[in-house]
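Summary of the model geometry
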Amino acid sequence: MRARLLAVVLLLLLAGCSSGGGRDDGRITLRFQSLAWQQESVQANKDLVKEWNAAHPDIQVEYVQGSWDGVHDQLLTSFEGGEAPDIIHDASDDLADFAYGGYLADLTDLLPERLKAEIPRRSWETTTFGDGVYGVPFLQEPRVLIANATWLKDAGVRAPTPEKPWTWAEFRAVTKELSGDGRYGVAWPLKEPVSATLNLSLSSGGRIFHRGGDGKVEIRFEDADAVVPRTVHEQVNTDRSAAASTLGMGGSDTLPGFFGGRYAMVPLGFSYRQQIVQQAPEGFDWQVLPAPAGADGLAQGVSPQTLSIAEDSPHQREAAAFIDFMLRPENMVRLALGDWMLPTGTEALRDPALRTRKHDWATGTALAAHLRSAPAQSVRGYPEWKDKVATPALQEYYSGAIGLDELRERLVEDGNLVLARYQR
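Residues numbered from 1 in each chain as written. Predicted model: local features only at pLDDT ≥ 70, side-chain atom pairs only at ≥ 80, totals over all residues. Heavy atoms only, no water.

Okay, the overall build of the chain next. Helix and strand content of the chain: 18 helices and 16 strands. Relative to the globule expectation of 22 Å for 424 residues, the C-alpha radius of gyration of the chain, 24 Å, shows essentially globular dimensions. Taken along its principal axes, the extent of the C-alpha atoms in the chain is 95 × 50 × 35 Å. Sequence-distant contacts in the chain: of pairs separated by 6 or more residues, those separated by 24 or more amount to 74%. When the accessible area of the chain is evaluated, it comes to approximately 19100 Å², of which 49% is carbon and sulfur surface. Counting 42 positive and 57 negative side-chain charges, the chain places the averaged centre of each group 2 Å from the other. (Helix = DSSP H or I, 4+ residues; strand = E, 2+ residues; numbered from the N terminus. Rg over C-alpha atoms; globule rule 2.2 N^0.38 Å. Contact = heavy atoms within 4.5 Å. Areas by Shrake-Rupley, 256 points an atom, 1.4 Å probe, with all protein chains shown as cover. Lys, Arg positive; Asp, Glu negative; His and termini not counted. Charge placed at Lys NZ, Arg CZ, Asp CG, Glu CD.)

Laid out in structure tokens, this is it:
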């Protein structure tokens, strides 16, 4: 009798502890970890979750606030501990190890055709690893030049446009012309120099990572890869047209000097416009200019924000349905406006709210067709190469501590030793 009672109690406990977000009343609960941090963006995400929940009483979504700071390690810990959220907000350049490690679900057969067709192939390439797709790229931003419009106008400088951009040589000449008397043509905030250097180098035909027929990646630093870093190095160390003091700064750190008339231009992500709108002194006239063009035009690497599904989630199809809802064109526009970024979706990009001249939205949307997968997207070992090899080497090169030949040697020789450990 006692054994039978114990068995009944155990069955009741198991029934009340249904796994994977299920409940004994049949309702499914999905956990969605969002990395939105700006007030407008957080609100847009929370509003969409609320709307989904109101329309789907049997599939509820729990909003979990995450942070970009240390997200890779946080996710790795949650994967290994079996605590990963069902729906994961991240960036495409952080997905490779998770995808190859089996932590993320292959979305190839989970996503509806509508969503697959809405996002261009070049964007899907950022989340494709091997034969699988492990994230939906939905927000992206080009790196642009934020310029003091009054300064450029007074100097008689031609403002570039997406139709007629500056070349890298013209950009260097302009910054030299604008400099003098303690003022600089440009401030390069390169506290984290690797992604900026690699992504902008696509315009000059730089690739640095070369995948062979056996699938293995080799690092090569060729003439096309040197165009952008050489330009920055010469601006800082030869022309004195770029402030050396900003090389260790983040983008936000340069804004006081920009507003104070110390720098004519700052290369920043497109979303920095929000901070400028909020912080610029009254009457400060600024404008968005395209980054310089090279042999491959305005091509630029990006690592879009992504939505993925945990491989361990027992409700992958329901999670995919929620992602499809979040990324309907009208909802993608809401998310883009909240983050001051560009949607990847072609229909969303046509929305008039993203093509207005106000805050130079139109300049950004004109650059969208030129955005490509960042060079390091699918390279295993990239985070270690970036942190241990490329970041210190580029920082020393930009500051003038080492020359181009030593930079090349360290990026290539030390870098290939790092990647070899991941490609055995």
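Next comes the rest of the description.
A sheet is described by the order of its strands in space; here four strands give the open sequence β8-β11-β7-β12, paired in mixed fashion. Here the strands that pair on one side only, and so sit at the sheet edges, are β8 (184-186) and β12 (286-290). Strand-to-strand, the axes of this sheet are offset by a mean angle of 30°, without reference to chain direction. Direction of pairing for β8 relative to strand β11 (residues 263-269): parallel, over a ladder of two bridges. Residue pairing across strands places Tyr 184 opposite Tyr 263, the latter belonging to β11. (Pairing = 2+ DSSP bridges. Axes fitted to C-alpha atoms, helices over the stretch in contact; angles between N-to-C directions.)

Quick look at the sheet that holds strand β15 (residues 342-343) now. The strands making up a sheet associate through hydrogen bonds between their backbones, and the pairing can be parallel or antiparallel. Spatial ordering of the open sheet is given by β2-β1-β3-β14-β6-β15, a layout of six strands whose pairing is mixed. The open sheet has two edge strands, β2 (59-65) and β15, and neither has a second partner. Pairing of strand β1 (residues 28-34) with strand β3 (residues 87-91) involves two bridges; the strand directions are parallel. Looking across to β3, one finds that Gln 33 is bridged to Ile 88.

As a further point, take the packing of aromatic side chains. Summed over all chains, the structure comprises 21 aromatic pairs. Aromatic side chains Phe 79 and Tyr 103 sit 5.0 Å apart centroid to centroid with 15° between the ring planes, which places their arrangement in the stacked category. Taken together, the positions of Phe 79 in helix α3 (residues 71-80) and Tyr 103 in the loop between α4 (96-100) and α5 (113-118) put the pair 24 residues apart, joining distant regions of the chain. Overall, the relative accessible area of 6% leaves Phe 79 in the buried class. (Phe/Tyr/Trp six-rings, centres within 6.5 Å; stacked < 30°, edge-to-face > 60°. Buried < 20%, exposed > 50% of the residue type's maximum accessible area, 1.4 Å probe, protein only.)

With that settled, consider the packing of helix α17 (residues 382-399) against helix α18 (residues 404-420). Between two packed helices, both the angle of their axes relative to each other and the distance between the axes serve to describe the pair. The N-to-C vectors of α17 and α18 enclose an angle of 170°; their axes lie 10 Å apart at closest approach. If you check the angle between α17 and α18, you find them roughly antiparallel. Between α17, through Tyr 382, Glu 384, Trp 385, Val 389, Ala 390, Pro 392, Ala 393, Leu 394, Glu 396 and Tyr 397, and α18, the contact on the second element is made entirely by Leu 404, Leu 407, Arg 410, Leu 411, Asp 414, Gly 415, Val 418 and Leu 419. When the residues that make up the contact of α17 with α18 are grouped by side-chain class, the tally is 13 nonpolar, one polar and four charged. (Parallel < 35°, antiparallel > 145°, perpendicular 65-115°, else oblique. Nonpolar A, V, L, I, M, F, W, Y, C, P; charged D, E, K, R; others polar.)

This part takes up helix α2 (residues 39-55). With 17 residues, α2 should cover 24 Å at 1.5 Å per step; its first-to-last C-alpha distance of 25 Å lies within 8% of that length. The set of residues buried in α2 consists of Ser 41, Val 42, Ala 44, Asn 45, Leu 48, Val 49, Trp 52 and Asn 53. Projected down its long axis, α2 carries its buried residues within an arc of 165°, all on one side. Structural note: α2 exposes Gln 39, Lys 50, Ala 54 and Ala 55 on the side pointing more than 90 degrees away from its buried face. Buried residues along α2 sit against β1, β2, α13 (316-326) and α14 (329-339). (Expected span 1.5 Å × (residues − 1). Arc of directions from axis to C-beta.)

What follows covers the environment of Arg 355. Here Arg 355 lies in the loop between α15 (346-349) and α16 (361-367). For the pair Arg 355 and Leu 371, spaced 16 residues apart in the sequence, the C-alpha separation amounts to 17 Å. Not counting the four nearest positions on each side in its chain, Arg 355 is found in contact with Leu 349, Arg 350, Trp 361, Ala 362 and Thr 365. At 3.0 Å, the side chain of Arg 355 forms a polar contact with the backbone oxygen of Leu 349. (Polar contact = N/O pair within 3.5 Å; in protein donor to acceptor, adjacent residues only side chain to side chain.)

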